[in-house]
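# A closer look at the structure
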Amino acid sequence: MSENQNLVLPPKYYLDYFNYLLDFVKDKYKHILQENEWRFLRKFYGLSEDAQCLFIRFTNRKGLFFRTKKLEYEELSEIKDLLEELSQKEFVEWLNPAHAPFVHDLLLVNTKAELLKIPSEKAAKSIQKDELIEHIRLTEKPEFIVSQIASQQEWVKVNFEFETAFLKFLFFGNRYMDMTEFVVRDLGFVQYFQHDDDKLVARFETRKDAEDKWMLSDQAELFEQLKKTEEPEDIFDWFMTLNSSLHTLSEVAKPSLERLKYKIGRHLERTKNLELAVEIYNICTLPAASERHIRSLNKLGKNAEALALCQDLMAHSHNADEVFFAKDFSERIIQKSPRRKKLTTEKLHQSEQITIPSEFRGQVELGTIAHFISQGQMAIFSENYLWRGLFGLIFWDIIFDPSLVAFHHPFQRRPSDLHLPDFYEKRKESIHAHLDTFEDTDELLVFMREKYVANEGIANPFVLWLDELWDGIRIATQFIGLDKLKGILVHMSKDIAENSRGFPDLFVWDEENYAFVEVKSPTDNLSNRQLFWLGYFEENGINAHVLRVFFQ
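Below is a short write-up of the structure. Position numbers for residues start from 1 in each chain and track the written sequence from start to end. Whole-chain, interface and lining totals are the exception, using all residues; otherwise, since this is a predicted model, local features are given only for residues with pLDDT of at least 70 and side-chain atom pairs are given and counted only at 80 or more. Side-chain descriptors were evaluated using all non-hydrogen atoms of the structure, hydrogens and water having been removed beforehand.

What follows covers the pairing of strand β8 (residues 544-551). Two strands make a pair as long as DSSP finds a minimum of two bridges between them. Helix and strand definitions follow DSSP, with helices as H or I runs of at least four residues and strands as E runs of at least two, each counted in order from the N terminus. Sheet topology note: the strand β4 (residues 352-356)/β8 ladder contains 5 bridges and is parallel. Across the sheet, residue Q353 finds its bridge partner in β8, namely R548. The sheet contact formed by strand β7 (residues 514-520) and β8 spans 5 bridges and is parallel. Residue E518 lies in a different strand from β8, and its bridge partner there is V546.

Spelled out as structure tokens, the structure:
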């Protein structure tokens, strides 16, 4: 961090970034840009350099409205003249009654003291700002509000807000990343894997792909607002109307729709609208929706339907969580006993036990490590990050292979299909062929070490660049052996999101033996995913067990 503090960006760094983004989008997306975007580009290139800079300053900040008296940038002089140029070229407008439709945005950027000057019927000074805004909106006409604010001080509204937002959306492929990614990179806080720009491919093949993804993002934001103001029944009606209109949704947008369905289902479930939640879960394809669907049916007393879904889940499961949940819950329904001991509980009660000092309450894993060290063994945290590190180093070239059409801009930490079924299907042959190139464990270790050294510090979804991680990987690989590791890695690759979690907490070893240890305090329970990996390790001859830890 101290080295990065010495780096200084040039005065108009943001202009370089914005021009790079525009050039990138024109190159990758020229086939889907429409006249309004091309018109914006023509007009933007017609601005003076300083006017371009001021406009970019606006677009890099939140909101549509800005006080002119607070505009001050060291690299820009004569702000008033630049505002006049931007106004003449239609990039900004002086605040006027035509901005009444944007009155809520305008109210948000005013201070409470300024807002108290607006109502003709004065509000109490003790009122909260959000309540004051609502009071003003209910008691005053939008045109009057705008005129009152304009009379207090000079404001401008920024135009081309959609065009600039959409061009950034095309560049990043989402609406949560922004231009600060450039700054973070150039100040050295994050290193990204460097692909040549010509090897990066468009995230959206068609205009419809982009518009559908944008639309779902809009709807997800709208849902977050509706949760605060609307009744659950109205939210359900809104979504079902929306869903019925999506007859030809693009493939790239479908995962967003499924995530929205699940969020709505959970909201309806939490608000005790179980019948409505069941209807949403019934049309949601996310694996997590199956469990919620079954639980909701059970709460409604529809046990026959819940049992049928459990049986279907066991026959067509996506992951271990679903299998163990379906087994446990179906037995619970059949035996009509909510207190039936779960498979995870049975495993926990069969485990070994130790006692550690009470000073380790809240740090049970750390206390367990101290226990093993006191017995002459070595122990480190391993959990998921050791296994994900193994996976990331071994398959580094496959993960970052640009030919698989999964990298779309220079700030990607992971391929865009990482959590989709396509990830394994597209790379299946490469994964198996790559593993077959290693003849023994030593050869694998040499390869991983080369990848670690060559790529250390590069942001990625798997490897944490810590010295202790490499030591853990090296020793674990030597103990486990090449053949057993291959099976684990292939299984992980089939569903990264699910199969790269649930690994035991600790890796423990001495000169001759090793074990992966899942640590549980008296109040902890095993998850289904943890139970799966313990069972997998046992079946494949990898030493692993659960350890229950009590306090002195």
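What follows deals with helix α3 (residues 49-59). Between buried and exposed lies partly exposed: a residue is buried under 20% and exposed over 50% of the maximum accessible area for its type, with that area taken using a 1.4 Å probe on protein chains only. In terms of burial, α3 is a largely internal element, 9 of the 11 residues being buried. Taken residue by residue, α3 has A51, Q52, C53, L54, F55, I56, R57, F58 and T59 as its buried positions.

Moving on, we get to the layout of surface pockets. Taken as a whole, the second largest pocket spans an internal volume of roughly 1,100 Å³. Along the wall of the second largest pocket there are 34 residues; nearest its centre are T59, R61, K62, A165 and K168. Elements with a minimum of two residues in the lining of the second largest pocket: α1 (13-29), α3, α5 (103-108), α9 (161-172), α10 (180-186) and α11 (207-229). For the lining of the second largest pocket, the leading source of residues is α9, giving 7 residues. Only protein atoms enter the calculation, which uses a 1 Å grid: trapped sets of points that fit a 1.4 Å probe without letting it out are cavities, open sets showing protein on both sides within 12 Å along at least five of seven lines are pockets, and any residue with an atom within 4 Å of a point is a lining residue. Grid points are joined across faces, edges and corners, and a volume is the space filled by probe spheres set on the points.

Tracing the sequence through the fold places S527 in the loop between β7 and α27 (528-539). Taking C-alpha positions, S527 is 13 Å from N499, a pair spaced 28 residues apart along the chain.

Moving on: the packing of aromatic side chains. Here a ring pair, both rings aromatic, is described through the centre-centre distance and the interplanar angle of the planes. In this scheme Phe, Tyr and Trp rings, the latter by its six-membered ring, pair at centre separations within 6.5 Å, and the angle between planes marks the pair as stacked below 30 degrees, edge-to-face above 60, and tilted otherwise. Tallying each qualifying case throughout the model produces 59 aromatic pairs. Residues F391 and F395 carry aromatic rings whose centres are separated by 4.9 Å and whose planes lie at 70° to one another, so their mutual orientation is edge-to-face. A single burial state applies to F391 and to F395, both of which are buried. On the basis of an interplanar angle of 35° and a centroid distance of 4.7 Å, the ring pair of W396 and F400 is categorised as tilted. By relative accessible area, F400 is classed as buried at 3%. A ring is considered to have a charge above it if a Lys NZ or an Arg CZ atom is located within 6 Å of its centre and within 35 degrees of its normal. Over the ring of F24 we find K28; its NZ or CZ atom is 5.6 Å from the centre of that ring. A cation sits over an aromatic face here: R175 above W214, 3.9 Å from the ring centre.

A word on the sheet that holds strand β2 (residues 92-94). Read from one edge of the open sheet, 3 strands run β1-β3-β2, paired in antiparallel fashion. In this open sheet, the two strands that pair with only one neighbour each are β1 (65-67) and β2. Neighbour to neighbour, the strand axes of the sheet diverge by 30° on average, direction disregarded. In this sheet, strand β3 (residues 155-158) lies alongside β1 in antiparallel orientation, the contact comprising 3 bridges. Looking across to β3, one finds that F66 is bridged to V156. Docked against the sheet, helix α4 (residues 79-88) engages β2 and β3, running at close to 105° with respect to β2. What counts as an axis is a line fitted to C-alpha atoms, over the stretch in contact for a helix, and the angles between N-to-C directions run from 0 to 180 degrees. Contacts are residue-level and defined by heavy atoms, with any inter-residue pair within 4.5 Å sufficient.

The next subject is the sheet that holds β8. With respect to topology, 5 strands assemble into an open sheet ordered β4-β8-β7-β6-β5, the strand pairing being mixed. The open sheet has two edge strands, β4 and β5 (378-381), and neither has a second partner. Direction aside, neighbouring strands of the sheet carry axes that sit 35° apart on average.

Next up on the list: the pattern of salt bridges. A side-chain nitrogen of Lys or Arg and a carboxyl oxygen of Asp or Glu constitute a salt bridge if their distance falls within 4 Å. All told, the structure shown has 32 salt bridges when counted by the stated rule. A salt bridge links K227 to E224, with the nearest nitrogen and oxygen atoms 3.2 Å apart. Placement of both K227 and E224 in helix α11 is noted, with a separation of 3 residues, approximately one turn of the helix. On the basis of relative accessible area, K227 is assigned to the partly exposed category, the value being 34%. Linking K299 and E269 is a salt bridge whose minimum nitrogen-to-oxygen distance equals 3.9 Å. In this pair, K299 sits in helix α15 (residues 287-299) while E269 sits in helix α13 (residues 254-270), placing the two residues 30 residues apart along the sequence.

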